[in-house]
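# Tertiary structure, described
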Amino acid sequence: MGIRLGCVADDFTGATDLANNLVRAGMRVVQLIDVPPPGAERPVDADAVVIALKSRTVPAADAVDASLRALAWLRSAGAEQIYFKYCSTFDSTPAGNIGPVTEALMDALGTDFTIATPAFPDNGRTVFKGHLFVGDVLLSASGMRHHPLTPMTDPDLVSVLGAQTARPVGLIDHTVVGRDATAVRARIDELREQGAGIAIVDAVSNDDLVRLGAAVQGMPLVTAGSGLAIGLPANWGFTPSHAAAQLPPPGGHRAVISGSVSAATNQQVQEFLRTGRPAFSVDPLRVAAGADVSGEALAFAEARLADGPVLCYSTEAPEAVRTVQTRLGAAEAGELVERTLARVAAGLVERGVRQLVVAGGETSGAVVRALGITGLRIGPQIDPGVPWCAAALPGGDTLHITLKSGNFGGPGFFTDSFALLDREVS
């Protein structure tokens with residue numbers, strides 16, 4: 001039997017975030033890193049497949065091309081419904097990439113309508129009257145207004161998405177979503193008659209997402225953050241099951257790689273430092289000057305891995321990030337950090353690390369590619385939107401890895417994640 005749900009995610013942490021919610025709702029999920037190359041197609045033993053792309057901040061044309069290739073693979077594997085997953089903070093620019101990718105997928109699937117909602121109430125992302133809130137504040141007042149690549153200064157999602165698409169964008173507001181699936185479907189029919197091609201959907205609770213999930217049963221394409229995933233598996237009869245999250249037992253050393261500059265990850269780094277655990281700070285300016293920073297980090301870690309988790313980080317406050325970007329340029333600074341942290345991660349695995357926490361979407365993408373990981377089996381949730389995963393390494397060993405979105409997790413996430421792995425998987 002082919003897979004039921006095929007998912008295209010625009011970054012690596014977002015992919016595991018989505019897969020985590022599907023697993024919690026009872027689906028067995030495999031996450032693929034990029035689109036498998038021609039000739040590599042094979043049956044996938046899973047109910048859902050998530051293809052993780054690194055397409056959030058690339059040029060829109062490149063994002064569209066990658067997403068269409070992912071769509072073609074998923075359709076060939078038998079996917080009955082397609083899910084385009086983006087960030088719960090709707091990370092984008094006036095040129096895309098959410099709108100262009102959505103329209104390209106719609107055209108390829110021959111569908112004239114889809115929905116869009118980044119809502120994920122479990123992580124404080126809610127949509128009300130078409131406006132996105134992060135916790136108790138509008139998106140434009142959150143830390144996302146300082147994002148170095150995709151600063152979000154407009155919380156009106158109808159406006160944001162409308163600027164990126166040729167199709168008119170409508171709204172399904174909370175008074176409709178709060179009723180039932182029938183009311184949502186009736187509103188969809190109304191918007192279609194008015195000429196809309198995409199609808200932003202309000203959601204302020206998980207119940208809203210469950211009702212929305214039922215309403216879009218059979219819709220060829222849905223687009224959302226990871227929150228909607230809690231409402232879709234029931235359409236195929238799946239129910240929550242611990243068995244869907246089973247992983248092999250962990251072993252080896254433990255380490256953390258952090259490249260995110262988000263407020264949440266900054267707190268996590270500071271909490272790790274506060275506890276006195278070993279940590280090595282990567283300075284992009286020293287990397288740019290030619291210093292062997294990755295070698296220094298590995299030497300630092302190797303002497304301490306036997307005593308517990310070691311942190312290698314480039315996470316800094318917004319002011320420090322802006323200083324580095326002014327000196328090196330935003331793109332160059334980001335690439336330097338990603339390459340350095342990816343080399344460190346590969347070196348750590350060579351030195352026996354088999355439990356690895358990675359913070360930041362761009363960093364996660366660089367790390368999994370450096371490690372040659374092509375697929376992940378999704379396991380138990382650490383925090384909302386963040387699961388442990390298992391990947392096969394050359395030679396037969398298993399690497400337990402979690403790819404954490406920069407905005408997710410509590411202050412103690414780095415150490416809490418290892419405690420949960422001991423408790424849930426060992």
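Our structure is the block above this text.
Keep in mind the model is a prediction, meaning the values are calculated, not measured.

Our next topic: the environment of Ala244. The residue Ala244 is located in the loop between β11 (221–224) and β12 (253–258) in this model. You can call Ala244 buried: its relative accessible area is 9%. Linking Ala244 and Pro36, residues 208 residues apart in sequence, is a C-alpha distance of 24 Å. With near-sequence residues (within four places) excluded, Ala244 lies in contact with Val23, Gly26, Met27, Arg28 and Ile378.

This next bit is on the pattern of salt bridges. Pairing between side chains of opposite charge can happen when their charged atoms approach one another. Overall, the coordinates contain 23 salt bridges when judged by the stated rule. A salt bridge links Arg56 to Asp10; the shortest N-O distance between them is 2.7 Å. Linking Arg56 in the loop between β3 (48–52) and α2 (60–76) with Asp10 in the loop between β1 (5–9) and α1 (12–24), this pair joins segments that are 46 residues apart in sequence. Note on accessibility: Arg56 and Asp10 belong to one class, buried. The salt bridge involving Asp107 is made with Arg167; its shortest N-O contact spans 2.6 Å. Separated by 60 residues along the polypeptide, Asp107 in helix α3 (residues 98–109) and Arg167 in the loop between α4 (157–162) and β9 (169–172) bring together distant segments of the chain. Classification of Asp107 by relative accessible area gives exposed; the value is 54%. Among the charged side chains, a network of salt bridges with common partners joins Asp10, Asp11, Arg56 and Asp91.

Okay, the pairing of strand β18 (residues 398–404) next. With 6 of 7 residues buried, β18 lies mostly within the body of the structure. Two elements, strand β17 (residues 386–392) and β18, share 4 bridges in a ladder whose sense is antiparallel. Directly across from Ala392, in β18, lies its bridge partner Thr398. Here β17 hands over to β18 after 5 residues, with Gly395 in that stretch at a positive phi of 100°.

Here we come to the sheet that holds strand β7 (residues 131–134). Across the sheet, which stays open at both edges, the 3 strands sit in the order β6-β7-β8 with antiparallel pairing between neighbours. For this open sheet the edge positions go to β6 (125–128) and β8 (137–138), each flanked by a neighbour on one side alone. Direction of pairing for β6 relative to β7: antiparallel, over a ladder of 4 bridges. In the strand pairing of β7, Thr126 is matched with Phe133.

Okay, α3 next. For α3, built from 12 residues, the straight-helix expectation of 16 Å at 1.5 Å per residue is met to within 8% by its first-to-last C-alpha distance of 17 Å. For α3, the complete set of buried residues consists of Ile98, Gly99, Pro100, Val101, Thr102, Glu103, Ala104, Leu105, Met106 and Leu109. In this structure, the buried residues of α3 make contact with α2, β4 (81–85), β5 (114–117), α4, β10 (198–201) and β11. Note on α3: the residue one or two positions beyond its end, Gly110, has a positive phi of about 65°.

Judged by nonpolar contacts, the single largest core of 76 residues is most densely connected at Leu22, Tyr83, Ile115, Ile172, Ile257, Leu356 and Ile401. For this core, the leading source of residues is helix α12 (residues 330–350), giving 8 residues. Composition of this core by domain shows at least three residues from each of domain 1 (5–239) and domain 2 (247–425). Sequence-distant contacts of Ile257, defined by excluding residues within four places in its chain, comprise Cys312, Leu341, Val344, Ala345, Leu348, Leu356, Val357, Val358, Ala359, Thr363 and Val367. With 44 residues, the next largest nonpolar core counts Leu32, Leu105, Val160 and Leu221 among its residues.

Reading the values: the criteria
- Residues numbered from 1 in each chain as written.
- Predicted model: local features only at pLDDT ≥ 70, side-chain atom pairs only at ≥ 80, totals over all residues.
- Heavy atoms only, no water.
- Helix = DSSP H or I, 4+ residues; strand = E, 2+ residues; numbered from the N terminus.
- Buried < 20%, exposed > 50% of the residue type's maximum accessible area, 1.4 Å probe, protein only.
- Contact = heavy atoms within 4.5 Å.
- Salt bridge = Lys/Arg side-chain N within 4 Å of Asp/Glu carboxyl O.
- Pairing = 2+ DSSP bridges.
- Expected span 1.5 Å × (residues − 1).
- Core = buried A, V, L, I, M, F, W, Y, C linked by side-chain atoms within 4.5 Å.
- Domains from an automatic or database assignment.

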